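# Observations on the model geometry
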Amino acid sequence: MLEIKFVRQNKPKVQKALLMRGETVDIETFLNYDDERRAVLLEIEELRRRRNLVSQQIASMKKDGDDTDALVIEMREVSNKIKDLDKSLSETEEKIYKILMELPNIPHESVPIGKDSSENPVVKQFGKQPEFEFTPAPHWTLGENLGILDFDRASKIAGARFPLYLGAGARLERALINFMLDVQTKEHGYKEVLPPFIVNRKSMTGTGQLPKFEEDLFKLEGWDYFMIPTAEVPVTNIHQGEILNEDILPIKYVAYTPCFRSEAGSYGKDTRGLIRQHQFNKVELVKFSKPESSYDELEKLLNNAESILQRLKLPYQVISLCTGDLGFSAAKTYDIEVWMPSQDVYREISSCSNFESFQARRADIRFRRKGKKGTELVHTLNGSGLAVGRTFAAILENYQQADGTISIPEVLQPYMDCSSITKET
RNA sequence: GGAGAGAUGGCCGAGCUGGCUGAAGGCGCUCGCCUGCUAAGCGAGUGUGGGGUGAAAACUCCACCGAGGGUUCGAAUCCCUCUCUCUCCGCCA
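Our subject in this report is the structure included herewith. (Residues numbered from 1 in each chain as written. Chains lettered and ligands numbered in written order. Predicted model: local features only at pLDDT ≥ 70, side-chain atom pairs only at ≥ 80, totals over all residues. Heavy atoms only, no water.)

## As for a nonpolar patch on the surface
Heads up, the condition is: What makes a patch is a set of residues exposed beyond 30% relative accessible area and free of salt bridges, joined within 9 Å when like-charged and within 5 Å when nonpolar (Val, Leu, Ile, Met, Phe, Trp, Tyr). Note on areas: Shrake-Rupley, 1.4 Å probe, and residue coverage restricted to the protein chains presented here. Salt bridge, as used here, is a side-chain nitrogen of Lys or Arg placed within 4 Å of a carboxyl oxygen of Asp or Glu. Numbering goes from the N terminus for both helices and strands, where a helix is a DSSP run of H or I of at least four residues and a strand is a run of E of at least two. Burial classification: accessible surface area is computed with a 1.4 Å probe over protein chains only, and a residue below 20% of its type maximum counts as buried, one above 50% as exposed, and the rest as partly exposed.
Taken together, Leu194, Phe197, Ile198, Trp223 and Tyr225 make up a surface patch of nonpolar side chains, about 520 Å² in accessible area. Tracing the chain through its elements places leucine 194 in the loop between strand 2 (191–193) and strand 3 (198–200). On the basis of relative accessibility, which here comes to 66%, the residue leucine 194 falls in the exposed class.

## A look at the protein's contact with RNA strand B
Applied cut-off: Residues are labelled near a given molecule or strand when at least one of their non-hydrogen atoms is within 4 Å of it. For this analysis, a polar contact is any N or O atom pair within 3.5 Å, provided that within protein one partner can donate a hydrogen and the other can accept it, and provided that sequence-adjacent residues contribute only side-chain to side-chain pairs. Under the scheme applied here, ten amino acids are nonpolar (Ala, Val, Leu, Ile, Met, Phe, Trp, Tyr, Cys and Pro), four are charged (Asp, Glu, Lys and Arg), and all others, including Gly, are polar.
Around RNA strand B there are 26 residues in total, and Arg8, Arg38, Arg76, Ser79 and Gly374 lie nearest to it. Here RNA strand B approaches the protein such that, of its atoms within 4 Å, sugar and phosphate make up 81%. Residue asparagine 52 places a side-chain N or O atom 3.5 Å away from a phosphate oxygen belonging to RNA strand B. Contact distances for RNA strand B include 2.7 Å between a phosphate oxygen and a side-chain N or O atom of serine 79. Mapped by element, the contributors of at least two residues to the surface near RNA strand B are helix 1 (4–9), helix 3 (27–63), helix 4 (69–101) and strand 11 (366–368). A per-element tally of the surface near RNA strand B places helix 3 first, with 13 residues. Looking at the surface near RNA strand B residue by residue, the classes come out as 7 nonpolar, 5 polar and 14 charged.

## Brief notes about the nonpolar core
Basically, it comes down to this: Remark: nonpolar core denotes a set of buried residues (Ala, Val, Leu, Ile, Met, Phe, Trp, Tyr, Cys) joined through side-chain atoms within 4.5 Å. Residue contacts are counted whenever heavy atoms from the two residues lie within 4.5 Å of one another.
Core analysis: the biggest nonpolar cluster contains 57 residues, and Leu176, Phe392 and Ile421 have the highest contact counts within it. For this core, the element with the most residues is helix 7 (residues 168–187), which contributes 9 residues. Among residues more than four places away in sequence, those in contact with phenylalanine 392 are Ile148, Leu149, Tyr165, Gly169, Leu172, Glu173, Leu176 and Leu274. Val14, Ile96, Leu100 and Met101 belong to the second largest nonpolar core, which has 17 residues in total.

## Structural notes on the pattern of salt bridges
Going through the model one piece at a time under the given rule, you end up with 28 salt bridges. Between lysine 287 and glutamate 297 there is a salt bridge whose closest N-O contact spans 2.6 Å. Highlighted residues: lysine 287 in strand 7 (residues 279–289) and glutamate 297 in helix 10 (residues 294–311), separated in sequence by 10 residues. Across the pair, exposure class does not vary: lysine 287 and glutamate 297 are buried alike. One network of salt bridges, in which partners are shared, links Arg8, Asp34, Asp35, Arg37 and Arg38.

## Re the sheet that holds strand 10 (residues 345–356)
As a reminder, the rule being used: When DSSP finds two or more bridges between two strands, those strands count as paired. Where helices are involved, their axes are fitted lines through C-alpha atoms of the stretch in contact, as for all axes, and angles between N-to-C directions lie from 0 to 180°.
Ordered by their spatial adjacency, 8 strands build an open sheet running 1-8-9-10-13-7-6-2, and the pairing between neighbours is mixed. Unpaired on one side and paired on the other, strand 1 (122–126) and strand 2 mark the two borders of the sheet. Going from strand to strand, the sheet's axes swing by 20 degrees on average, the running direction of each strand aside. Note that strand 9 (residues 332–340) and strand 10 share 9 bridges and pair antiparallel. Considered in strand 10, the bridge of aspartate 335 is made with serine 351. Together, strand 1, strand 7, strand 8 (316–320), strand 9, strand 10 and strand 13 (379–387) form the strand contacts of helix 10, whose direction differs from that of strand 13 by roughly 5 degrees. Strands strand 7, strand 9, strand 10 and strand 13 of the sheet are contacted by helix 12 (residues 388–398), whose axis makes an angle of about 30 degrees with strand 9.

## Section: the packing of aromatic side chains
How we decide: Pairing of aromatic side chains requires ring centres within 6.5 Å, counting the rings of Phe and Tyr and the six-membered ring of Trp. Pairs whose planes differ by under 30 degrees are stacked, by over 60 edge-to-face, and all others tilted.
All told, the structure shown has 9 aromatic pairs when counted by the stated rule. The interplanar angle of 75 degrees and the centroid separation of 5.0 Å between the aromatic rings of tyrosine 165 and phenylalanine 392 together place this pair among those described as edge-to-face. Taken together, the residues tyrosine 165 in the loop between helix 6 (151–157) and helix 7 and phenylalanine 392 in helix 12 connect sequence positions 227 residues apart. We note that tyrosine 165, like phenylalanine 392, is buried. Measuring from centroid to centroid gives 6.1 Å for tyrosine 253 and phenylalanine 288, while their planes differ by 85 degrees, and the two rings are edge-to-face. Placement of tyrosine 253 in strand 6 (residues 251–260) and of phenylalanine 288 in strand 7 is noted, with a sequence separation of 35 residues between them. On the accessibility criterion, tyrosine 253 (9% relative accessible area) is buried. Judged by relative accessible area, phenylalanine 288 falls into the buried class, the value being 0%.

## Notes on helix 4
Every α-helical turn comprises 3.6 residues, leaving residues that sit three or four positions apart pointing alike. We apply this condition: An expected span of 1.5 Å times one less than the residue number is assigned to each helix.
Over its 33 residues, helix 4 runs 47 Å from end to end, which matches the ideal 48 Å to within 8%, given 1.5 Å per residue. Leu71, Met75, Val78, Ile82, Leu85, Leu89, Thr92, Ile96, Leu100 and Met101 are the residues of helix 4 that are buried.

## Topic: helix 12
In terms of burial, helix 12 is largely enclosed, as 11 of its 11 residues are buried. Every buried residue of helix 12 is listed here: Val388, Gly389, Arg390, Thr391, Phe392, Ala393, Ala394, Ile395, Leu396, Glu397 and Asn398.

## Considerations on the side chain of asparagine 354
For asparagine 354, the location among the structural elements is in strand 10. Only 2.8 Å separates the side chain of asparagine 354 from the backbone nitrogen of glutamate 356, close enough to count as a polar contact. Contacts of asparagine 354, omitting those with residues within four sequence positions, involve Ser294, Tyr295, Leu298, Ala330, Ala331, Lys332, His379, Thr380 and Leu381.

And the structure:
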């Protein structure tokens, strides 16, 4: 959410930002509602002031035994007037709120301008793409042949787009989760949290999934509860409505959670394999930062996420999302894309964003500076560190051998108790 | 599922027979003072949001005592609905 005052005072800037995002929102109408709101507010406040004054007068007159009937009658009318105006005010505010909640964040000045994902520049690359003396198989073929993935049975249990890991596959998934958590907690100073996987409407609104993107979520029948699409939601909302102490910033959390997404509108895309599932595992990094250091924190967060791929020796590249491809709540986003040999393409495996005060304003997360009065909104950031299912897929594909077995990256071997996955493991 | 108790400022905690209570007191924090009796004492200050005037400092107004309604000239205080927390019973793990 943007601040209404900011929109009022920076109309050209907001309009330009929306245009660069390819959004069409009528700021003019919005600001007219705001004018209307303030005009009515002024009137209401004047009436309230008068009522407050006279009410006190009535109190003291009663104490003296004076007759107050005339004043009481007059105030009865004033109160009715206030009630009417209040109603019209809340109607106007409703309209303003609706627009405000669906207004996306302003991109940071360093975000490249572009219309869609085809214009996202690559900002760095790491690792060498493996060369195979055979045609590399896709991970679903490898996984099914080894008996560690079973999509047929998964669809029997739940349906399309659900994973079933078996044996060494289940162990590899768990090894990855533990490895990622260990690196982030032991080496990068993140605090591990294990949050609820179901959240209420307020939390979803706080991080920006609602009200605009309800169709992307799984909602619980008969409850105003939603399955989390990412740990970002419960973890960012840990500090919802709080005023934080300056000296505990930045706060760094890492959380493993399953994630649930309806994937509405993605029919026909990535129909095979682990890339696009209704349920997948993710280790998420979340930060709360002071405004002046949030972009430094974004770079560090990105590096922390990258370090997982570096240790797994998986080739990847980092792209900076351009204005037209930026997510609703983000001011700036880097995507990390891992090399997928079977498709000869880099696939998104992490998304690291700075939301600045956009989420903090919605979720009401502030901090207080020492020796200064008043509070300020914190900046929130998050990034995958990493999407586990996609990491699993990348390992299968990049580490596949001619005989269809998978060698295990060295750093994972202590977690796996083996150095390769064969049919026998 | 049944019975009861509660929700007040950064925190703790009064007020709840309606009217100088935006809210006592304490803690914390900030600034200043003092200091031979040392994690002390003294003094002052210290909520949030919104509006108006102003270049700004500032001044001023309105709202906020879990949320939303109601009663009333006037509500933290009375009534209703909802949410959450706690205790006891039942049930399940």
